[in-house]
Amino acid sequence: MESSDNPVLEAIYARRSVRTYTDEPVADELLYEVLRAGSWAPSGLNNQPWRFAIVRDPSVKDELAGLTRYAKIVRSANVLVAVFLDEDSSYDVEKDRQGIGACIQNMLLAAHSLGLGAVWLGEILKNRDKVREVLELSPGLDLMAVVALGHRARTDQTSSRRELGELIVKEC
Ligand SMILES: Cc1cc2nc3c(=O)[nH]c(=O)nc-3n(C[C@H](O)[C@H](O)[C@H](O)COP(=O)(O)O)c2cc1C
């Protein structure tokens, strides 16, 4: 089957990390659709441990930009979504983190399908506590990633993956 016949496979294969954006604002309805898609990720015991902080304020973006080498992306994205693990909802930190990874991937795929560009920013985690302080959030929220979102300035990003044969360690 051609992946173009299948919208889920199309999105998985065509989505790229997008790091440059136009100045066009991301409409609230698109942003909330991205968050809703994230919230429909699977989680252990369906505990839904993800929480989102939405940042549109340029002065807050500037403060966050000072916490990562990806400052340019953080400043230029129209909206940032900081994704947290809510320790009060947690039942197993390893599984909760896995669920939040699924949540973030859903967000990236939804953004792609809505014509937005997005990138998962993990390097900023080295300053996870400072990010929480800038956002004035409670210590029970542990930063998992920042997702930068905007309208794509370019659509020519490419990427590559290892051949499947390199990845399958056993087939019985
Ligand atoms: C856990 C994680 C952390 C990442 N952190 C960053 C980051 O800090 N900065 C960045 O530009 N991209 C980051 N990325 C994006 C990857 O660089 C990107 O997904 C990878 O190069 C494959 O490219 P693609 O997403 O276009 O397929 C991260 C991705 C993941 C899953």
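Owing to the predicted nature of the structure, the values given are computational and were not obtained by experimental measurement.

Rules behind the numbers
- Residues numbered from 1 in each chain as written.
- Predicted model: local features only at pLDDT ≥ 70, side-chain atom pairs only at ≥ 80, totals over all residues.
- Helix = DSSP H or I, 4+ residues; strand = E, 2+ residues; numbered from the N terminus.
- Rg over C-alpha atoms; globule rule 2.2 N^0.38 Å.
- Buried ≥ 20, exposed ≤ 12 C-beta atoms within 10 Å, placed from the backbone.
- Core = buried A, V, L, I, M, F, W, Y, C linked by C-beta atoms within 7 Å.
- Contact = placed C-beta atoms within 7 Å.
- Arc of directions from axis to C-beta.
- Axes fitted to C-alpha atoms, helices over the stretch in contact; angles between N-to-C directions.
- Parallel < 35°, antiparallel > 145°, perpendicular 65-115°, else oblique.
- Nonpolar A, V, L, I, M, F, W, Y, C, P; charged D, E, K, R; others polar.
- Pairing = 2+ DSSP bridges.
- Left-handed = near helix turned anticlockwise from the far one by under 90°.

K.L.:
Got a minute to help me understand the overall build of the protein chain in this structure?
P.N.:
Of the regular secondary structure elements, the protein chain holds seven helices and four strands. Counting from the amino terminus, helix and strand elements in the protein chain follow one another as α-α-β-α-α-β-α-β-α-β-α. Here the C-alpha radius of gyration of the protein chain, 17 Å, is about what a compact globule of 172 residues would show, namely 16 Å. Projected onto its principal axes, the C-alpha coordinates of the protein chain cover approximately 50 × 40 × 30 Å. Residues classed as buried in the protein chain amount to 31% of the 172 residues present.

K.L.:
Could you clarify how one ought to interpret the nonpolar core in this entry?
P.N.:
Counting 41 residues, the largest nonpolar core has Leu80, Val83, Ala118, Val147, Ala148 and Leu149 as the members making the most contacts within it. Only helix H2 (28–39), strand S1 (50–55), helix H3 (58–65), helix H4 (71–76), strand S2 (79–86), helix H5 (93–113), strand S3 (116–121) and strand S4 (141–151) provide two or more residues apiece to this core. In terms of residue count, S4 provides more of this core than any other element does, eight residues in total. Leave out the neighbours within four places in its chain, and Ala118 touches Val18, Met107, Leu108, Ala111, Val147, Ala148 and Leu149.

K.L.:
Hey, could you run me through H3 in this one?
P.N.:
It helps to recall that an α-helix has 3.6 residues per turn; residues three or four apart then point in one direction. Every buried residue of H3 is listed here: Lys61, Leu64 and Ala65. Along the axis of H3, the buried positions cluster into a sector of 105°, meaning they face one direction only.

K.L.:
Is there a simple way to think about the packing of helix H1 (residues 7–14) against H5 in this case?
P.N.:
In a packed pair of helices, the relevant descriptors are the angle between the two axes and the axis-to-axis distance. Two numbers describe how H1 lies on H5: the axes approach to 9 Å, and their chain directions differ by 100°. Classed by the angle they form, the pair H1 and H5 counts as roughly perpendicular. Contacts from Ala11, Ile12 and Ala14 in H1 reach Leu109, His112 and Ser113 in H5. Residue composition of the contact of H1 with H5, grouped by class: four nonpolar, two polar and no charged.

K.L.:
Even after reading the chapter, I still don't get the sheet that holds S2, so can you show me in this structure?
P.N.:
Either a parallel or an antiparallel arrangement is found when strands of a sheet pair, and the pairing is made through backbone hydrogen bonds. Here we have four strands laid out as an open sheet, ordered S1-S2-S4-S3, and antiparallel in their pairing. What marks the edges here is a single partner per strand, and that holds for S1 and S3. Averaged over all pairs of adjacent strands, the angle between strand axes in this sheet comes to 25°, irrespective of strand direction. Taken strand by strand, H2 contacts S1, S2, S3 and S4, and its axis lies near 165° from that of S1. Where H5 meets the sheet, its contacts fall on S1, S2, S3 and S4, and the angle it forms with S3 comes to roughly 155°.

K.L.:
Even after reading the chapter, I still don't get the packing of H2 against H5, so can you show me in this structure?
P.N.:
In contact at an axis separation of 7 Å, H2 and H5 are set at 145° when each is read in the N-to-C sense. Of the two possible hands of crossing, H2 and H5 adopt the one that is right-handed. Packed against H2, whose contacting residues are Glu33, Val34, Ala37 and Gly38, the element H5 presents Cys103, Ile104, Asn106, Met107, Ala110 and Ala111 at the interface. When grouped by side-chain class, the residues that make up the contact of H2 with H5 number seven nonpolar, two polar and one charged.

K.L.:
I keep staring at the pairing of S2 and nothing clicks. Help me out?
P.N.:
Extensive coverage of S2 is indicated by the burial of seven of its eight residues. As paired elements, S1 and S2 share six bridges and run antiparallel to each other. Pairing of Val55 across the sheet is with Leu80, part of S2.

It is worth stressing that arrangement in space is one thing and function is another; only the former is reported here.
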